[in-house]
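# Fold and contact review
If you want the building blocks of each chain, they are given just below.
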Amino acid sequence: MSFVLACTVAEVPVGTAIGVDLGGDADIAVVNTADGFFAIRDVCSHAEVPLSDGDIDGCTLECYMHGSRFDLRTGFPLELPATMPVPVYPVRLDGDSVFVDPDNPITTQEQ
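What you see is a predicted model, and the numbers here were worked out from it, not measured in a lab.

This paragraph deals with the environment of Gly-58. Tracing the chain through its elements places Gly-58 in the loop between β5 (56-57) and β6 (60-62). Under the relative-accessibility criterion, Gly-58 is labelled partly exposed at 43%. Distance in space between the C-alpha atoms of Gly-58 and Asp-35 is 7.5 Å, their sequence separation being 23 residues.

See the structure below:
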């Protein structure tokens, strides 16, 4: 795995998300929830808008434009109009630093 420094813990207070450019095809949203840090592709699969601008509720992130909610653990949409998942990525904390592996999305199955 090739973890890359994405941000610091202080940059993402609990209940917030930020978009980060780690190179590659798309930006990644780093999300801090009460359950920990998550990383998800920062583009809604229904509309080309940043998910990092959406609302967080538990382990979900809502696209602000049309209301689709995505599971931060799997990337699967939980509400229409989105029907396609978005990639989620491994996250590792090291002290005050948040690292993400943008080259190895987590493979999940819809439950």
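Still to come is the rest of the account.
Read across the sheet, 3 strands follow the order β1-β10-β9 without closing on themselves; strand pairing throughout is antiparallel. On the outer flanks of this sheet lie β1 (4-8) and β9 (91-94), each paired with one strand and no other. Averaged over all adjacent pairs, the angle separating strand axes in this sheet is 35°, with direction ignored.

Nonpolar side chains in soluble globular proteins tend to be buried together. Core analysis: the largest hydrophobic core is formed by 17 residues, its most contacted members being Val-31, Ile-40, Cys-44, Leu-51, Leu-61, Phe-70 and Leu-72. Secondary structure elements with two or more residues in this core: β3 (28-33) and β4 (36-41). Residues Ala-6, Cys-7, Val-98 and Val-100 belong to the second largest nonpolar core, which totals 12 residues.

Before going further, it helps to examine the packing of aromatic side chains. Going through the model one piece at a time under the given rule, you end up with 0 aromatic pairs. Above the plane of the ring of Phe-3 lies Arg-92, whose end atom (NZ or CZ) is 4.6 Å from the centre. Residue placement shows Arg-92 over the ring face of Phe-99; its charged tip is 5.2 Å from the ring centre.

Once that is clear, we can look at the sheet that holds β3. Judged by pairing direction, the sheet is antiparallel, and its 4 strands sit side by side in the order β2-β3-β4-β8 without closing on themselves. Strand pairing shows two members of the sheet lacking a second neighbour, β2 (16-20) and β8 (88-89), which therefore form its edges.

On to the side chain of Asp-71. Structurally, Asp-71 is set in strand β7 (residues 69-71). Every residue in contact with Asp-71, bar those within four places of it in the chain, is listed here: Ile-40, Cys-59, Thr-60, Phe-76, Leu-78 and Val-88.

Taken as a whole and judged by the stated rule, the model has 2 salt bridges. In this structure, Arg-69 and Glu-62 form a salt bridge, with 2.7 Å as the shortest nitrogen-oxygen distance. A relative accessible area of 13% places Arg-69 in the buried class. The shortest N-O distance in the salt bridge between Asp-71 and Arg-73 comes to 3.1 Å.

Moving on: the side chain of Thr-60. Among the secondary structure elements, Thr-60 is positioned in strand β6. Residue class for Thr-60 comes out buried when judged on its relative accessible area of 11%. Looking at Thr-60, its side chain comes within polar contact range of the main-chain oxygen of Asp-57, at 2.6 Å. Within the local environment of Thr-60, its side chain forms a polar contact with the side chain of Arg-69, the two groups lying 2.8 Å apart.

What counts, and where the lines are drawn
Residues numbered from 1 in each chain as written. Predicted model: local features only at pLDDT ≥ 70, side-chain atom pairs only at ≥ 80, totals over all residues. Heavy atoms only, no water. Helix = DSSP H or I, 4+ residues; strand = E, 2+ residues; numbered from the N terminus. Buried < 20%, exposed > 50% of the residue type's maximum accessible area, 1.4 Å probe, protein only. Pairing = 2+ DSSP bridges. Axes fitted to C-alpha atoms, helices over the stretch in contact; angles between N-to-C directions. Core = buried A, V, L, I, M, F, W, Y, C linked by side-chain atoms within 4.5 Å. Phe/Tyr/Trp six-rings, centres within 6.5 Å; stacked < 30°, edge-to-face > 60°. Lys NZ or Arg CZ within 6 Å of the ring centre and 35° of its normal. Contact = heavy atoms within 4.5 Å. Salt bridge = Lys/Arg side-chain N within 4 Å of Asp/Glu carboxyl O. Polar contact = N/O pair within 3.5 Å; in protein donor to acceptor, adjacent residues only side chain to side chain.

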